[in-house]
Amino acid sequence: MSLSAVPLHDAGIDRRAFLRSAVLGGGLLLAPGALAACSRPNASGSTSDGGTPAGATNSTDGQLIFAVDQLTGSSDPGTFASFGNWMVIDCIARGLTHVDYETSEPKPALAESWTVSADQLTYTFKIRSGVKFHDGTTVSAKDFERSWRRLFDEKDPTRDPTTYASVELGGANVTSYKAVDDATFVVKLAAPDVAFLGRCSNPNSVALSSTAIEKQGAKIGQALVGSGPYKFVSFSEGQSVILERFDDYWEGKPTLSKVVFQILPDPSSLVSALSSSAVNATCFAPVSNVARLKSSGLVVEQAKPYIDIYLGMNLSKPIVADLKVRQAINLAIDRQAVVSSVFAGAGAVPGGMVTPAELGYDDSLKPLSTMDVEKAKALLSEAGAVGKAIKVMAVNILFWPSLGQVIEANLTAIGLKPKIEYLDGATYGDRATKNEHELFIEQRSAFVADPDNKLTPLLAGDSGYNKAWLHVDSVLPEQQKKLDQLLTAARGEPDQAKRKALYVELQTFWTEEILAIAMVAYRYLPTVQQKQVHGLNPDALGTYRTFFEKATVG
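These numbers were taken from a predicted model, which means no experiment stands behind them.

This part is about the overall build of the protein. A count of helical and extended segments in the protein gives 19 helices and 21 strands. Across the 554 residues in the protein, those meeting the buried criterion constitute 60%. Looking at the protein alone, contacts between residues at least 24 apart form 72% of all its contacts between residues at least 6 apart. Carbon and sulfur atoms make up 50% of the accessible area of the protein, which totals about 19000 Å².

Here it is in structure tokens:
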């Protein structure tokens, strides 16, 4: 097998392209600003007195009220609407495999078992028998074929026009998917992909009822019908999504009778709702208030760090075309200040682009993200860039302005003249679409606990993100070729030790020879909950995954 990269992405549309342009089912234009399920929406929610969510009920009767920052009217698995919407998908539907984030090992879900061919190109899944969808129909391999067709076939009439999700399952590397019979689902790949079983746990990959798909068409996301522990009841714009227990859930009847995802985007309202017990739990609490919430008696669970915060660079712009300038920018960043002041300690100084929770992290990469102001000044002088203006853009909500202030001070300290702009989501995306951006501040989460899910969408030459935001493929074609070879080799390497070594080599090569992304921090996403709440999964919630089937309240 050649090491030339097999495309995993449709260069025409990826998650970011969707985030920049999608008009969603609830009539809302998504405020973008993040990749891979990393948007930072700013919709306003509705509250009643004292921060109590409108329509919320007392939660001591087996109901869980979980606060999120945004929900739209559609939770279509083919698109990314908001973190809240994907949390809804996790409760309603499941895929072939399941990753619980206690480990990154894929476990059986709707596929009770599977076999992989000797050449690692054919996956044969045995679908669990007797599993019911919420509409009473029986889950079969044909439901997977029908659900995946909505993702891969652009001509499918039930496909949401903003669908991008086939790239999350492997894109062009998935050559076929077929229900051989009701119990057998076969997927064929063009090149080995060790991450594929993990991809089958992604919210994109779930099975929906074929009957419901045909009935609801492209509007299926407005009332999902899956086979998960909770079934859809209602969506109230600006307020909540309500789910109720599915008694016939294949793993056993869930404990909670109801799950309410309550929209509370305002930090003060969220803190008030937690303090007054109007909300049971959240992973969206502002980090600056976590210590206060903990001291008031709430439980704070620290998640593994799955989220990358980084400074992206547009290599097509003259100011960062010189590697020495990019290196100077990397050396200028005061990462410890970011962790302590921006994230109130809920983060860590990074090494490479892979976090400690993922295969491919190694302490030897830490020097790649070291602050050295004097060396940065020297490199900037060698490049003849001292005193030059440079534009930095960030979105204007949550912690991003505070982070921007640190970056602005760091760049000024080495001799650049940064002009930082805090933009609404639409303007932010528009700047990039028109290739007006120079530097930008972003984040990437891990909906699949595998390093390829983080690195390939950002770095691969055929990635729409690379082409639109970084431009490595056009500016540094030889380096991009080697990078794609490393990505393909690591994706196909079954030996874990060898695979880790490939990712270490890849991240080292990226930082030393390309550096279109400078790591800023690993971000922790703590779960804050009432004492009477048990059975949440803080590691999963640390990357916005939601498994509530074993949760209890009271």
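Next, the rest of the story.
With 10 of its 10 residues buried, helix α2 (residues 83–92) lies for the most part within the structure. Among all positions of α2, only Phe83, Gly84, Asn85, Trp86, Met87, Val88, Ile89, Asp90, Cys91 and Ile92 are buried.

Another aspect to go through is unusual backbone geometry. In this structure, Tyr101 takes a positive phi of about 70 degrees despite not being glycine. By secondary structure assignment, the location of Tyr101 is in the loop between β2 (97–98) and β3 (107–108).

Turning our eyes to something else, we now look at the sheet that holds strand β5 (residues 122–127). Spatially, 4 strands are ordered β4-β5-β7-β6 in an open sheet, and the strand pairing comes out antiparallel. For this open sheet the edge positions go to β4 (111–116) and β6 (174–181), each flanked by a neighbour on one side alone. For this sheet, the mean angle separating the axes of adjacent strands, direction not counted, is 20 degrees. Here β4 pairs with β5 via 5 bridges, running antiparallel. The residue of β5 that forms the bridge with Ser113 is Lys126. Along the sheet, helix α3 (residues 141–152) makes contact with β5, β6 and β7 (184–189), crossing β6 at roughly 155 degrees.

Counted according to the given criterion, the structure contains 25 salt bridges. One salt-bridge network, in which partners are shared between bridges, spans Asp193, Arg199, Asp452 and Arg491.

Turning our attention to helix α18 (residues 496–514). Between its first and last C-alpha, α18 extends 26 Å over 19 residues, near the 27 Å set by a 1.5 Å rise per residue. Next to the buried residues of α18 lie α9 (323–332), α14 (451–459), α15 (464–470), α16 (472–475), α17 (477–492) and β18 (517–523). Put simply, Asp495 is the residue that caps the front of α18, since its side-chain oxygen is 3.1 Å from the backbone nitrogen of Ala497. Backbone geometry just after α18 places Leu515 at a positive phi near 55 degrees.

To summarise the sheet geometry, strands pair through backbone hydrogen bonds and adopt either a parallel or an antiparallel arrangement. With mixed pairing, the 6 strands of this open sheet are ordered in space as β14-β18-β13-β17-β15-β16. Among the strands making up the open sheet, the edge pair consists of β14 (347–348) and β16 (417–423). Pairing between strand β13 (residues 307–313) and β18: 6 bridges, direction antiparallel. For Leu311, the partnering residue across the bridge sits in β18 and is Ala518. Along the sheet face, α9 touches β13, β15 (389–395), β17 (439–444) and β18 and points at about 145 degrees away from the line of β13.

Moving on: the environment of Val339. By secondary structure assignment, the location of Val339 is in helix α10 (residues 335–342). For Val339, a relative accessible area of 6% translates into the label buried. Linking Val339 and Leu403, residues 64 residues apart in sequence, is a C-alpha distance of 9.7 Å. If sequence neighbours within four positions are ignored, Val339 has contacts with Ala344, Gly345, Ala346, Gly347, Ala348, Val349 and Ala521.

Before going further, it helps to examine the confidence of the model for the protein. Summary statistics for the protein give a mean pLDDT of 88 and a share of 89% for residues scoring 70 or more. Scored below 50 in pLDDT, residues 1–60 makes 204 contacts in the model with residues more than four places away or belonging to other chains.

This part is about the packing of α17 against α18. In the contact formed by α17 and α18, the axes pass within 9 Å of each other and the chain directions differ by 165 degrees. Considered as vectors, α17 and α18 are oriented roughly antiparallel to each other. In terms of crossing hand, the pair formed by α17 and α18 is left-handed. Of α18, the residues touching α17 (which contributes Gln479, Lys482, Leu483, Leu486, Leu487, Ala489, Ala490 and Arg491) are Arg499, Leu502, Tyr503, Glu505, Leu506, Phe509, Trp510, Glu513 and Ile514. Looking at side-chain class alone, the contact of α17 with α18 contains 11 nonpolar, 1 polar and 5 charged residues.

Working note: regular strand, side chains alternate between the two faces of the sheet. Burial runs high along β17: 6 of the 6 residues are buried. Side chains of β17 alternate between two faces, with Leu439, Ile441 and Gln443 and Phe440, Glu442 and Arg444 buried alike.

So, about the nonpolar core. Nonpolar side chains tend toward joint burial in soluble globular proteins. Of all hydrophobic cores here, the largest spans 158 residues; its most connected members are Phe125 and Phe261. Element by element, the count of residues in this core is highest for α2, at 7 residues. If sequence neighbours within four positions are ignored, Phe125 has contacts with Leu96, Ala111, Ser113, Trp114, Ala183, Thr184, Phe185, Val187, Phe196, Leu197 and Cys200. If you look at the next biggest cluster of nonpolar residues, it comprises 7 residues, including Val99, Tyr101, Tyr306 and Ala540.

The subject of this paragraph is the packing of aromatic side chains. Under the definition given, this model contains 27 aromatic pairs. Taken together, Phe80, Phe83, Trp86, Phe284, Phe447 and Tyr544 form an aromatic cluster joined through their ring pairs.

Across the interface, α9 lies against α18 with an axial gap of 8 Å and an inter-helix angle of 115 degrees. Note on element contacts: α18 touches α9 through Thr511, Glu512, Glu513 and Ile514, opposite Leu323, Arg326, Gln327 and Asn330.

With that settled, the discussion passes to the environment of Ile92. Take Ile92: it is sitting in helix α2. Once the C-alpha coordinates of Ile92 and Phe232 are considered, the two residues, 140 residues apart in sequence, prove to be 7.0 Å apart. Once residues within four sequence positions are removed from consideration, Ile92 is found in contact with His134, Leu224, Gly226, Ser227, Gly228, Tyr230, Phe232 and Leu243.

Another point: the side chain of Glu358. Inspection of the secondary structure puts Glu358 in the loop between β14 and α11 (373–382). Overall, Glu358 belongs to the buried group, its relative accessible area being 5%. Separated by 2.7 Å, the side chains of Glu358 and Thr355 make a polar contact. In this structure Glu358 touches Tyr306, Ala446, Asp450, Pro451 and Lys454, once residues within four positions along its chain are discounted.

Let us now look at the side chain of Asp76. Looking at the element boundaries, Asp76 is found in the loop between β1 (63–68) and α2. With relative accessibility at 1%, the residue Asp76 sits in the buried group. Setting aside residues up to four positions removed in sequence, Asp76 forms contacts with Ile89, Arg150, Asp160, Ala218, Ile220 and Gly221.

Thresholds, definitions, all that
- Residues numbered from 1 in each chain as written.
- Predicted model: local features only at pLDDT ≥ 70, side-chain atom pairs only at ≥ 80, totals over all residues.
- Heavy atoms only, no water.
- Helix = DSSP H or I, 4+ residues; strand = E, 2+ residues; numbered from the N terminus.
- Buried < 20%, exposed > 50% of the residue type's maximum accessible area, 1.4 Å probe, protein only.
- Contact = heavy atoms within 4.5 Å.
- Areas by Shrake-Rupley, 256 points an atom, 1.4 Å probe, with all protein chains shown as cover.
- Pairing = 2+ DSSP bridges.
- Axes fitted to C-alpha atoms, helices over the stretch in contact; angles between N-to-C directions.
- Salt bridge = Lys/Arg side-chain N within 4 Å of Asp/Glu carboxyl O.
- Expected span 1.5 Å × (residues − 1).
- Polar contact = N/O pair within 3.5 Å; in protein donor to acceptor, adjacent residues only side chain to side chain.
- pLDDT = per-residue confidence, 0-100.
- Parallel < 35°, antiparallel > 145°, perpendicular 65-115°, else oblique.
- Left-handed = near helix turned anticlockwise from the far one by under 90°.
- Nonpolar A, V, L, I, M, F, W, Y, C, P; charged D, E, K, R; others polar.
- Core = buried A, V, L, I, M, F, W, Y, C linked by side-chain atoms within 4.5 Å.
- Phe/Tyr/Trp six-rings, centres within 6.5 Å; stacked < 30°, edge-to-face > 60°.

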